[in-house]
Amino acid sequence: MSATARLGLIVLFAIVPLYGTFAALDPDRPPIPPLVPHAVTALLALCALAALAAVAPAALGALRRDALTLGFLAPGAATLLAGLAGFDPALGIGLGVMVTGIGAAGLALARGGDLDAVRACLRAFLWSALAACLVALAMLATHRPAAIYAYDNGRAVGTFLNPNELAAYTLIALGVAVPIAVRTRGRDRLAAACAVAALVTLGATFSRWGALSAVCGVAVYALVTRARVLLVAAAVVAVAGIGLDVTAGARHHNPRDTEAREVAWRTGLTTFERFPLLGVGPLAFGRTYDVMRPPDAPGTKTAVAFDPHSLPIAFAAEGGIIALVTLTASFAILLGRLLHDARVARPFSRAVALGAGAAVVALTVDGAINTISLYFPLGLQFVALGLAAARTDAFD
């Protein structure tokens, strides 16, 4: 792999916490206080596009007529198709190009990434995750910016769109950092620090479904590694999470949010019923919300009007049955391949690969009642990292 492609991959793994700031570029964005100036956001978006362009030659060289290529590129193709037929073609096609590029970069890493590329991507992600968690905790401790602290009801959010997005990100961070910290018995200080910071940050988001998703991820990892002690740990974490929610979590959740989520689900299902084949187009849910919403639903300027707050319902409403089936098949292919390859890898690399896979499963569970805008970069990039780690035995 060329140095240029390797640098592009490093940027893509490091920049994930900043994707939430891209919402400021949308003139019809949700009513979320911006964290960084518009010009900085535009510069970050250009950096992401430059990174995708840098990896493009390696991605072209990794193309094959096989299931792995289909698994990485099918999500982008489905997004592009829905975008062409949707109510906001420009935005939909733009997102489709971005998803295709992320999938292509993942394919390049999974198939052509060498030892140096795998290790560099991992370290870049760990440093980025540690910084993102510390920033979120610092913002929470200082109540700054005050507008964001108030908007999110005193929950950790950092550079992300909302606390649930941050919780989803910490699931991936834990899935990658914890196996490394355990295998090295804490000697890898970066992985150990990242694991601790991610766990504290997950708690500070007060994301109840995020905590449940973490338990599911631990359970999946325990099953595939046959580690019974981890099943006990998952049960302990579940009980602790329930206790945290009872004692403190309720103070950081607006009861109206639960009602709004139910409205978003109903509106999303109605949208899917009206546009079953290709949906209304990626990120176009808000375009039809006013027509599809129930009579007693919140207005079009509230956060609920911008997405169905459920990943499968979002896929169905915005991409139709074609996107829903395509995306389900894609991730089944990729996770199946990851599990297969991890079984023949050496112990340390197998632990990292299975940790990444379990984290993607946890991310998918978390998306059941949340629309995670980071699902594609997190899912596609970390399945790719797990596949590359298993193929190269990068950590043994």
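Here the structure is a predicted model, which is why all the values come from computation and not from measurement.

Undergrad: Describe the overall build of the protein chain, listing the residues and the values that go with them.
TA: Tallying secondary structure elements over the protein chain gives 15 helices and zero strands in all. Split into buried and exposed, the 396 residues of the protein chain put 51% on the buried side. Long-range contacts, defined as pairs at least 24 residues apart, comprise 76% of the intrachain contacts of the protein chain with a sequence gap of at least 6. For the protein chain, the exposed area adds up to about 17,100 Å²; of that, 68% sits on carbon and sulfur atoms.

Undergrad: Tell me what's going on with the side chain of T170, and back it up with residues and numbers.
TA: Within the secondary structure, T170 is located in helix α7 (residues 163-183). Its relative accessible area of 0% is what places T170 among the buried residues. When residues no more than four places from it in sequence are discounted, the contact partners of T170 are C133, A198, T201 and L202.

Undergrad: Any details on the pattern of salt bridges? Residues and values, ideally.
TA: Applying the stated rule across the entire model yields seven salt bridges. One salt bridge connects R111 with D66, and the closest N-O pair in it is separated by 2.3 Å. Of this pair, R111 sits in helix α4 (residues 89-112) while D66 sits in the loop between α2 (38-62) and α3 (67-85), and the two are 45 residues apart along the sequence. Of the charged contacts in the structure, one is a salt bridge between R287 and D88, with a shortest N-O distance of 2.9 Å. Taken as a pair, R287 in helix α12 (residues 285-292) and D88 in the loop between α3 and α4 lie far apart in primary sequence, 199 residues in all.

Undergrad: Hey, could you go over unusual backbone geometry for me, with residue numbers and the actual values?
TA: Cis geometry marks the peptide bond from R144 to P145; its omega dihedral reads -10°. Along the polypeptide, P145 turns up in the loop between α5 (115-142) and α6 (146-151). For H143, which is not a glycine, the phi torsion comes out positive at approximately 60°. Residues other than glycine seldom take positive phi values, yet H309 does so here, at roughly 60°.

Undergrad: Break down the packing of helix α14 (residues 347-366) against helix α15 (residues 375-392) for me, with residues and values.
TA: Look at α14 against α15: their axes get within 8 Å of each other, and the N-to-C directions meet at 160°. Taken together, the axes of α14 and α15 lie roughly antiparallel to each other. For the pair α14 and α15, the crossing hand works out as left-handed. Residue-level inspection shows S349, V352, A353, A356, V360, L363 and T364 of α14 in contact with α15, the latter providing Y375, L378, G379, F382, V383, G386, A389 and A390. The class makeup of the residues in the contact of α14 with α15 is 11 nonpolar, four polar and no charged.

Undergrad: Please set out the side chain of Q381 residue by residue, giving values where relevant.
TA: Mapped onto the fold, Q381 is located in helix α15. Separated by 3.4 Å, the side chain of Q381 and the backbone oxygen of L12 make a polar contact. With residues near it in sequence (within four places) discarded, Q381 still touches L12, F13, V16, Y19, I102 and F376.

Undergrad: Please give an account of a nonpolar patch on the surface that cites residues and values.
TA: Taken together, the side chains of L81, L277, I321, I322 and V325 make up a nonpolar region of the molecular surface, amounting to roughly 400 Å² of accessible area. Ranked by the residues each element gives to the nonpolar patch, the list is headed by helix α13 (residues 311-343), at three residues. Residue position: I322 is located in helix α13. Residue class for I322 comes out partly exposed when judged on its relative accessible area of 30%.

Undergrad: Go over the environment of Y221 with me, naming the residues and quoting the values.
TA: Structurally, Y221 can be placed in helix α9 (residues 208-225). Y221 sits 136 residues away from G357 along the chain, and the two C-alpha atoms are 8.2 Å apart.

Undergrad: Run through the nonpolar core, naming residues and quoting values.
TA: One finds Y19, F72, F125, L126, I172 and F382 to be the most contacted residues of the largest nonpolar core, which totals 97 residues. Setting aside chain neighbours within four positions, we find I172 in contact with F125, A359, V360, L363, L378 and F382. Counting eight residues, the second-largest nonpolar core is a separate cluster that includes A260, A264, Y289 and V304.

Undergrad: Explain the environment of D152 residue by residue, including any values.
TA: Mapped onto the elements of the fold, D152 is located in the loop between α6 and α7. Looking at D152, the relative accessible area reads 6%, which means it is buried. Through-space distance from the C-alpha of D152 to that of I32 is 9.2 Å; in sequence the pair is 120 residues apart. Setting aside its immediate chain neighbours within four residues, D152 contacts V157, N162 and P163.

What counts and how
- Every chain is numbered on its own, with residues counted from 1 as its sequence reads.
- It should be noted that, the model being predicted, local features are given only for residues of pLDDT at least 70 and side-chain atom pairs only at 80 or more, the latter also being counted only at that level, while totals for whole chains, interfaces and linings use all residues.
- As a convention, hydrogens and water are excluded, and side-chain values are obtained from all of the structure's heavy atoms.
- Every helix listed is a DSSP run of H or I at least four residues long, and every strand listed is a run of E at least two residues long, numbered separately from the N terminus.
- Note on exposure labels: buried denotes an accessible area under 20% of the residue type's maximum, exposed denotes more than 50%, and partly exposed covers the range between, all computed with a 1.4 Å probe on protein chains only.
- Any two residues having at least one pair of non-hydrogen atoms within 4.5 Å are treated as being in contact.
- In these tables, accessible area is a Shrake-Rupley quantity obtained with a 1.4 Å probe, and a residue counts as shielded only by the protein chains included in the view.
- By salt bridge we mean one thing: a side-chain nitrogen of Lys or Arg within 4 Å of a carboxyl oxygen of Asp or Glu.
- Axis geometry follows a simple rule: fit a line to the C-alpha atoms, using only the stretch in contact for helices, then measure angles between N-to-C directions, giving values from 0 to 180 degrees.
- Throughout this description, any angle smaller than 35 degrees is read as roughly parallel, any larger than 145 degrees as roughly antiparallel, any in the 65 to 115 degree range as roughly perpendicular, and the remainder as oblique.
- Working rule for handedness: look at the near helix, and if it is turned counterclockwise from the far one by less than a right angle, call the crossing left-handed; if clockwise, right-handed.
- Throughout this entry, Asp, Glu, Lys and Arg are counted as charged residues, while Ala, Val, Leu, Ile, Met, Phe, Trp, Tyr, Cys and Pro are counted as nonpolar. The remaining residues, Gly among them, count as polar.
- Whenever a nitrogen or oxygen atom comes within 3.5 Å of another N or O atom, the pair is scored as a polar contact, on the condition that within protein one atom can donate a hydrogen and the other can accept it, and that pairs from neighbouring residues in sequence are kept only if both atoms are in side chains.
- Patches were defined on residues exceeding 30% relative accessible area and lacking a salt bridge, with like-charge contacts within 9 Å and nonpolar side-chain contacts (Val, Leu, Ile, Met, Phe, Trp, Tyr) within 5 Å.
- The nonpolar core is taken to be a set of buried Ala, Val, Leu, Ile, Met, Phe, Trp, Tyr and Cys residues, with the residues joined through side-chain atoms within 4.5 Å.

Distances and angles like these do not, on their own, reveal function.
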